[in-house]
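Listed below are the residues making up each chain.
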Amino acid sequence: MSKIDKPTGASTAAVLAGRREEWTGPVVNPPIWRGSTHLYESEADRIAALAHNEDGHFHYGRRGAPTQWSLAEALTKLEPGAEGTMLYPSGTAALAGAMMSVLEPGDVLLVQDNVYEPTRSIASGLFKRWGVEARFFDPADHDAYAIAFDDRTTAVMLETPGSLTMEVPDVPRLAAIAKDRGAAVLIDNTWATGLGFPALEHGCDITITALTKHAGGHSDVMMGAASAGAKYYAKLRHTAQSLGQVVSPDDAALVARGLRTMPLRLRQSTASALKIAHWLKDRAEVAHVLCPMVEGSPGHELWARDFSGGCGLFSFVLAGHTSEQRAAFVDTLELFGIGYSWGGFESLALPFDAARIRSASAWPKPGWHEEDHLGIRLAIGLEDADDLIADLDRAFATIKHS
Ligand SMILES: *Cc1c(COP(=O)(O)O)cnc(C)c1O
């Protein structure tokens, strides 16, 4: 399969990537190599192997085997500009591992105000104990961001779009400012993945995705990945290996299986999400649709400029309503489950309170009505969009009468 080295479309690349013949043998996928100990042929063989720390060389189970190497290589191939990829047992572990690879005690880490909540907790909790100072910034205020840098600022943590509230930051601009000041730029790119937003080509140094979401795609596995360009890959790898990060071959096989259909699933859930978001936009019960793929949503222009794709995840804000009504709304839904995560084949709904997890930017957003602040995030799966719309319609009818 690796014989084809010409540029291909994303779907072709997702089908071909990582399937080296020396790893797959005569079957389509690499077998699941379970193992901790690797037996060397001789003492000389063991000594010779010490010279290698790249995927593709057996050493010990913690450094993986063909099942994990194949997945890591596939992810690297799908991430333009990447030198290599490290795998972690969750997206959160990947975020922590990537940040730790560029930070030392005494450093300042600038963190986008609307990042995924565990990212915020790692930065302001765990890192504080280690003497790293986290400073949160409003991604829309470029001047405040520029002056937040000082000579201790070594890294910036971005996410696009921001979790829950879905604003798209101007990543190329924020990255250029950071680069000017010598800081490493990290980004959580779980939403669009490298397929929809090639983050390294947009100025980032390390891009992190929760494979639990789109790559896994079936809500049955947890994993994370961090891919870096040449400048940071050695540091990223060394830190992950020092932390003992490894994923099971069974889980790697599940994620690799999901990866083959990821572009197809993303296209389908994106199309459904667009249909549903437009339908919501016209509802009197909805004050704001927060879906960067839809005109009029915060960040739409930047999405249109920088992205070539999206996914089924977006939010909306109820016009007025009480939190009891919001709870009744999600309780009434039958096709949308109530639960964390997203990117699976099934749709989910999650009420959220954005004010609780921001410190540098306002919620409700400036110019909005004070009472329009109750958000619901929808993860659109692979059901028929019309069935999902009928479900939402029923739930709106219920709260009208409550
Ligand atoms: C879910 C999620 C993660 C974390 O992934 P886990 O595998 O659940 O730890 C990171 N970033 C974003 C934006 C997410 O939505």
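Report follows, based on the coordinates. (Residues numbered from 1 in each chain as written. Predicted model: local features only at pLDDT ≥ 70, side-chain atom pairs only at ≥ 80, totals over all residues. Heavy atoms only, no water.)

Below, the discussion takes up unusual backbone geometry. Here Thr160 and Pro161 are connected by a cis peptide whose omega angle stands at -15°. Tracing the backbone shows Pro161 in the loop between β4 (153-159) and α8 (171-180). In this structure, Pro364 follows Trp363 across a cis peptide bond, with omega equal to 0°. Inspection of the secondary structure assignment puts Pro364 in the loop between β11 (348-352) and β12 (375-379). With a phi close to 65°, Met166 is a non-glycine residue in the positive phi region. Assignment of secondary structure puts Met166 in the loop between β4 and α8. Judged by its relative accessible area of 2%, Met166 falls in the buried class. Even without being glycine, Ser341 reaches a positive phi, approximately 75°. (Helix = DSSP H or I, 4+ residues; strand = E, 2+ residues; numbered from the N terminus. Buried < 20%, exposed > 50% of the residue type's maximum accessible area, 1.4 Å probe, protein only.)

A few words now on the packing of helix α11 (residues 249-281) against helix α14 (residues 385-400). Across the interface, α11 lies against α14 with an axial gap of 9 Å and an inter-helix angle of 30°. When the interaxial angle is binned, α11 and α14 end up roughly parallel. With respect to the hand of their crossing, α11 and α14 are arranged in right-handed fashion. Mapping the contact onto sequence places Ser272, Lys275, Ile276, Trp279 and Leu280 in α11 and Ala385, Asp386, Leu388, Ile389, Leu392, Asp393 and Phe396 in α14. Split into classes, the residues belonging to the contact of α11 with α14 amount to eight nonpolar, one polar and three charged. (Axes fitted to C-alpha atoms, helices over the stretch in contact; angles between N-to-C directions. Parallel < 35°, antiparallel > 145°, perpendicular 65-115°, else oblique. Left-handed = near helix turned anticlockwise from the far one by under 90°. Contact = heavy atoms within 4.5 Å. Nonpolar A, V, L, I, M, F, W, Y, C, P; charged D, E, K, R; others polar.)

A few words on the sheet that holds strand β10 (residues 337-338). Spatially, β8-β9-β12-β11-β10 is the arrangement adopted by the five strands of the open sheet, whose pairing is mixed. The open sheet terminates on both sides in strands that have one partner only, identified here as β8 (286-290) and β10. As paired strands, β8 and strand β9 (residues 313-318) are joined by four bridges and run antiparallel to one another. Among the inter-strand pairings, His288 is bridged to a residue of β9, identified as Val317. (Pairing = 2+ DSSP bridges.)

What follows covers α8. Looking only at α8, the buried set comprises Val171, Leu174, Ala175, Ile177 and Ala178. End-on, the buried residues of α8 take up no more than an arc of 160°, which puts them together on one face. Buried residues belonging to α8 abut β3 (133-137), α7 (142-148), β4 and β5 (184-188). Immediately downstream of α8, the backbone of Gly182 shows phi near 75°, a positive value. (Arc of directions from axis to C-beta.)

What follows covers the side chain of Thr76. Within the secondary structure, Thr76 is located in helix α4 (residues 66-77). With a relative accessible area of 16%, Thr76 lands in the buried category. At 3.0 Å, the side chain of Thr76 and the backbone oxygen of Ala72 are in polar contact. What Thr76 contacts, discounting residues up to four positions off in sequence, is Ala82, Glu83, Gly84 and Thr85. (Polar contact = N/O pair within 3.5 Å; in protein donor to acceptor, adjacent residues only side chain to side chain.)

Let us look at the site of the ligand. In the vicinity of the ligand lie 14 residues, with Gly91, Thr92, Asp188, Thr212 and Lys213 positioned nearest. Interatomic distance of 2.8 Å between a backbone N/O atom of Gly91 and an oxygen atom of the ligand. The separation between a nitrogen atom of the ligand and a polar side-chain atom of Asp188 is 2.6 Å. Here the ligand loses 91% of its free accessible area of 380 Å² to cover by the protein chains. (Near = heavy atom within 4 Å. Areas by Shrake-Rupley, 256 points an atom, 1.4 Å probe, with all protein chains shown as cover.)

Honestly, that's just the spatial picture; any functional story needs more than this.
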